[in-house]
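In case you want the letters, here they are:
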There are 2 protein chains.
Amino acid sequence: MSYTPPTTDMTFVMTELAGLDTVSTLPGFTDATRATVQAVLDEGARFCSEVLAPLNLPGDRNPATCENGKVTASPGFKEAFAQFVEGGWQGLMHPAEYGGQGLPKLLASPCLEMLTAANLSFATCPSLTDGAIEALLLAGTRAQKQRYLPKLISGQWTGTMNLTEPQAGSDLAMLRARAVPQQDGTYRLFGTKIFITWGEHDMAENIVHLVLARTPDAPPGVKGISLFIVPKFLVDEDGSLGARNDVHCVSLEHKLGLKASPTAVLQFGEHGGATGHLIGEENRGLEYMFVMMNAARFAVGLQGIGLAERAYQKAVAYAKERVQSRPVDGSSDGPVPIVQHPDVKRMLSTMRALTQGARALAYVAASHSDLAHAHPDAAERASHRAIYDYLVPIVKGWSTELAVEVASLGVQVHGGTGFIEETGAAQYYRDARILPIYEGTTAIQANDLVGRKTVRDGGKLVRHIMARIDATLAELHAHRAFGSNPAFAAMCHQLDAGRMSMARAVDFMLANVKADTNAVFGGAVAYLKLSGIVLCGWQMARALIAASGREASNPVFYGAKMATAHHYATHILPQATALEIAIVSARSGEGMLALSGEQF
Amino acid sequence: MSYTPPTTDMTFVMTELAGLDTVSTLPGFTDATRATVQAVLDEGARFCSEVLAPLNLPGDRNPATCENGKVTASPGFKEAFAQFVEGGWQGLMHPAEYGGQGLPKLLASPCLEMLTAANLSFATCPSLTDGAIEALLLAGTRAQKQRYLPKLISGQWTGTMNLTEPQAGSDLAMLRARAVPQQDGTYRLFGTKIFITWGEHDMAENIVHLVLARTPDAPPGVKGISLFIVPKFLVDEDGSLGARNDVHCVSLEHKLGLKASPTAVLQFGEHGGATGHLIGEENRGLEYMFVMMNAARFAVGLQGIGLAERAYQKAVAYAKERVQSRPVDGSSDGPVPIVQHPDVKRMLSTMRALTQGARALAYVAASHSDLAHAHPDAAERASHRAIYDYLVPIVKGWSTELAVEVASLGVQVHGGTGFIEETGAAQYYRDARILPIYEGTTAIQANDLVGRKTVRDGGKLVRHIMARIDATLAELHAHRAFGSNPAFAAMCHQLDAGRMSMARAVDFMLANVKADTNAVFGGAVAYLKLSGIVLCGWQMARALIAASGREASNPVFYGAKMATAHHYATHILPQATALEIAIVSARSGEGMLALSGEQF
């Protein structure tokens, strides 16, 4: 049940694919040298593998409990969280001004990945604190920032996001929680919020809830939503803790997975109203929330990658140890470790290729985010921002969809043993299932990708990205190893086919989004998957080029990277064309769109 | 949490696609008229929906328990099982000679499907009894048959299959259980068997264990395995129960799903040896076991279909009830039931298309099995037998792989609510995961499909099947609705593409199986999926033809059938070509086959 952070691959991706050396020349990020990066990764790897990973299975067996509104985290979590705070991990990518380390997102990404791989339930807590920090940085007053940020960034306090209500899930327009303004400038909040991750716990001395609610005169729908700070304990002028606020945990959900992460039902204002402080302006809450959601969505993508990596490592360990059946090629008279059987190789290679492709795309996206924040040139910043914004729904949607598939393959590699809970593979299968749902389902990501990121600018940005793929294709074709390593020809052929499928899908969406909106959005998830497959394939192609010629220095790693890229080309990329057909075949009144409610 | 057996679709498939009217002319099956079939389905539907379905979620919450070797089934199971026995369901397809009803497998299939849909954990018990009955019918002596069959067929006793040992899962060659011959012609059995479904319980007065073990002088490997009857209580000459046998339940597994189905560790011979009776001849046990496994594999395929149908019905009910978000096409100013959103339609249509396609193929296979048993002409019997044997690994492998996918989509349709255990969608996701594993993993099925069913006869049989697809393609093309209903052109185009992919995959395997065995078997699962997709697509094409022109009589059903076939064509069939590429690209020393153990 051990976990070893894949620091070799992480470093390879950061330096060879995601431009670490460029990021570390940006103003503010000059500390992020290769040496610092290595030191941070090594220290993170130690903490994650030694402290967090061993708590993962016990946490699943002993979920957090709620008694009379008091939530007790799973055994060992409080102590581990203290070490997390001690290590300064919460502040890794947050501004030095408030006590953070101000490191680039490119470096924060592998750290977050290993955190979630080691212990997904644990990792959701700091991840939500990150979201609260982002929102305060964006829209908080100077006083609010000074009051809350240092303690959130140190990890002394944690944060939550309170969006969902029983009737308002994906549809925030239906939100009902009320915020009534008071004479002193504060608000009183009333309402029920559900699915609040780490909404109550005993790991930190205070919890800063960020809550969406409506003021009395707010317009209906999403334009009437405001964002409030509602701390569990009120915070005095001097930063010390005051009275207990009127927000209480009613119950915890009994979930399929992620059991050590308490999912709370929170009741606001049962005893006169919870004191809240407006963030930014009234009725602009959704806008702020979207900024922090974008960060959170990217982080959930990393959770998918981390979980997939963990499931992969577990399956590999089992496949090397389990001896069963003679090889089909007759190369041995006796049974061999199952890792030698072709279908087990297929499953492990598929898990590996999906995970490595997604990792590469996510880190490349993080690098664009860093350039979008810190590049001295405004036009460059805007260009990188646009690419990052395009990639976020893909990183979120595709990395989490594949995490479910990878975790499922992980169970399959274990055979009957995988179905037994003590083995541990089943936990990943259960845990993974929330990832394509929370922080916006895959369909929500896909609608964002189609509507705001692909169609709105008439396809300009996506065509710019496809032109970059063409450049990589040309590079593959001209590569000196093209003739000698069949991975090059396979990748060239399949990446080209995938990229053509992507282009035709984009053309179809642009041509039909107005005339047949349902047909286009019916293909949104297929388009998200197609983009994920092709863009991750593009990164695997770049990895193939970067690995080629280096085999001598590390034959295990570089040889495996090239073989994995080859496998990605022949086993993953061809799916793009199947998705294209689903997308471009859609017409209102035909197939699934012909089915009325009563026909299901 | 209700379940309504889809008897309209079941009847449509049986009569229009699987040739019920032909089967009911076969000697022995003349009772299976349309009227009888309808009566049996209606009665089965009542029992399944009213008695078994309501026990499914409670069974998951209250698994069977084991105390001091005594296993108590989940609450209500014992009473439900008594009703199952009372209704004569166990004997449905077994010979009238021993008290069964002798109905065709074609009719038993929908009954088994609805049983498993209603309550998969419950259904595994009679399913294993079926296996024991098949083995006894095949290889039991006249005395053994008379002693055991009537009580197994009535359901008074249940049966188990004891294959797996800790070191011997897929690889039965590694089996160690011992059977020592005694003076009186019986054997004493010693050893530990694991993963024994319903290996101990309180629902029946006796349990007939069929056990694989080695006699002292048996040759090593699979050629030294014999099959034994080891009843929980010894059975006297007159059929009355005698002494308790030396086989005991040591513990039950703590599983991901299927929790109400007790999975036992059985210890044989801790107290001097369990008394066993040889079935058939020594060292031919695996051969007999394979016969019953073939029946069991087909039954597990039906389990996949039943589970998928149940998950689909649950998701549909939620999608009709849950109101969230305005339609993307602007057709309403307010939120609508999510069933109206294009991506929810996509998910539900995909669940529906996969399930209906698999149902059609399974029932068609059942019909071939009936013809193989009962056709008066020996050549016809052999021909149907060959087709059935080809279809069994596909029905098992593909229907169970898709069950996992469908159950996962079912959770996704529910959004965050799907992750909460009380909702019930998560149970299907957990339960489904065992299906591609037990009774032979998908890889085991795929190796059988490639090795014994496709390659051994030089592709003759599979080409015969593909020629039948060609006939359907010609029929589609010539159909009067071809010009007016776009589903025809879409199906024609995509089924043709899939069939061509299948042909190229077969050509590749035939050409390379000797020279590059690993490459061929590395593509075995892809080939199984490809075959599943194309053959189920073929059935959906036949369904499209059969439904066309009947819309007036039942627009909801026939209209939905044609739309579902159309969706299958554009969303499922195109995956065949992606799988073909994975298959035909394989070469030893490249891609996944280049990865050594240490490189994973």
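Bear in mind that the values here come from a model prediction, so they are computed numbers and not experimental data.

*Asks:* Teacher, can you tell me more about the overall build of chain A here?
*Replies:* Scanning chain A from terminus to terminus reveals 19 helices and twelve strands. In summary, chain A has a C-alpha radius of gyration of 24 Å against a globular reference of 25 Å for 600 residues, a match within 12%. Its C-alpha atoms give chain A principal-axis dimensions of about 80 × 55 × 55 Å. Expressed as a percentage of contacts within chain A between residues at least 6 apart in sequence, the contacts between residues at least 24 apart total 75%. Put simply, chain A shows about 19500 Å² of open surface, and 52% of that area lies on carbon and sulfur atoms. One finds the centroid of the 51 positive side-chain charges in chain A at a distance of 3 Å from the centroid of its 57 negative side-chain charges.

*Asks:* Hey, could you run me through the interface of chain A and chain B in this one?
*Replies:* The accessible area lost on association of the parts is a frequent measure of interface size. With 91 residues of chain A at the contact, the number on the chain B side is 91 residues. Ranking the residues of chain A by area buried against chain B places A:Phe419, A:Tyr429 and A:Phe600 at the top, with a combined share of 11%. Where chain A packs against chain B, one counts zero salt bridges. For the pair chain A and chain B, the number of links is 35 residue pairs in polar contact (both at pLDDT 80 or more).

*Asks:* Would you explain the packing of aromatic side chains in this entry?
*Replies:* Pairs of aromatic rings are described using the distance from one ring centre to the other and the angle between the two planes. Residue and element names in this part refer to chain A. Per the counting criterion, the structure on display carries 25 aromatic pairs over all chains. Ring centres of Phe12 and Phe557 lie 5.5 Å apart, and the angle between their planes is 70°; this geometry places the pair in the edge-to-face category. Taken as a pair, Phe12 in helix α1 (residues 7-17) and Phe557 in helix α18 (residues 555-572) lie far apart in primary sequence, 545 residues in all. Taken as a pair, Phe12 and Phe557 share a single burial class, namely buried. Among the aromatic residues, those joined into a cluster by ring pairs are Phe47, Phe77, Phe81, Phe84, Phe122 and Trp198.

*Asks:* I tried to follow helix α10 (residues 342-374) of chain B on my own but got confused; where do I start?
*Replies:* Since the α-helix packs 3.6 residues into each turn, any two residues three or four apart lie on the same face. Helix length check: α10(B), at 33 residues, gives a terminal C-alpha distance of 47 Å against a target of 48 Å (1.5 Å per residue), a fit within 8%. Counting buried residues in α10(B) gives 32 out of 33 residues, a clear majority hidden from the surface.

*Asks:* Please explain the nonpolar core as it appears in this structure.
*Replies:* Within soluble globular proteins, side chains that are nonpolar generally end up buried alongside one another. In this structure, A:Leu348, A:Tyr390, B:Leu348 and B:Tyr390 are the most contacted members of the largest nonpolar core, which totals 334 residues. Excluding residues within four positions of it along the chain, A:Leu348 makes contact with A:Tyr312, A:Ala315, A:Val316, A:Ala319, A:Val339, A:Val413 and B:Phe600. By size, the runner-up hydrophobic cluster in this structure holds 47 residues, among which are B:Ala64, B:Ile229, B:Ala264 and B:Leu266.

*Asks:* For this particular structure, what's the right way to read unusual backbone geometry?
*Replies:* In the Ramachandran plot, A:Asn283 falls in the positive-phi region, its phi being about 70° despite a non-glycine side chain. Here A:Asn283 lies in the loop between β12 (274-279) and α9 (285-321). Given a relative accessible area of 27%, A:Asn283 falls into the partly exposed group. The backbone of B:Trp198 sits at a positive phi, close to 50°, despite the residue not being glycine. Looking at where B:Trp198 falls in the secondary structure, it is placed in the loop between β5 (187-197) and β6 (206-213). In this structure B:Trp198 comes out as buried when scored by relative accessible area, which is 0%.

Criteria and cut-off values
- Residues numbered from 1 in each chain as written.
- Chains lettered and ligands numbered in written order.
- Predicted model: local features only at pLDDT ≥ 70, side-chain atom pairs only at ≥ 80, totals over all residues.
- Heavy atoms only, no water.
- Helix = DSSP H or I, 4+ residues; strand = E, 2+ residues; numbered from the N terminus.
- Rg over C-alpha atoms; globule rule 2.2 N^0.38 Å.
- Contact = heavy atoms within 4.5 Å.
- Areas by Shrake-Rupley, 256 points an atom, 1.4 Å probe, with all protein chains shown as cover.
- Lys, Arg positive; Asp, Glu negative; His and termini not counted.
- Charge placed at Lys NZ, Arg CZ, Asp CG, Glu CD.
- Buried area = accessible area lost by both parts, 1.4 Å probe.
- Salt bridge = Lys/Arg side-chain N within 4 Å of Asp/Glu carboxyl O.
- Polar contact = N/O pair within 3.5 Å; in protein donor to acceptor, adjacent residues only side chain to side chain.
- Phe/Tyr/Trp six-rings, centres within 6.5 Å; stacked < 30°, edge-to-face > 60°.
- Buried < 20%, exposed > 50% of the residue type's maximum accessible area, 1.4 Å probe, protein only.
- Expected span 1.5 Å × (residues − 1).
- Core = buried A, V, L, I, M, F, W, Y, C linked by side-chain atoms within 4.5 Å.

Structural measurements only, silent on function.
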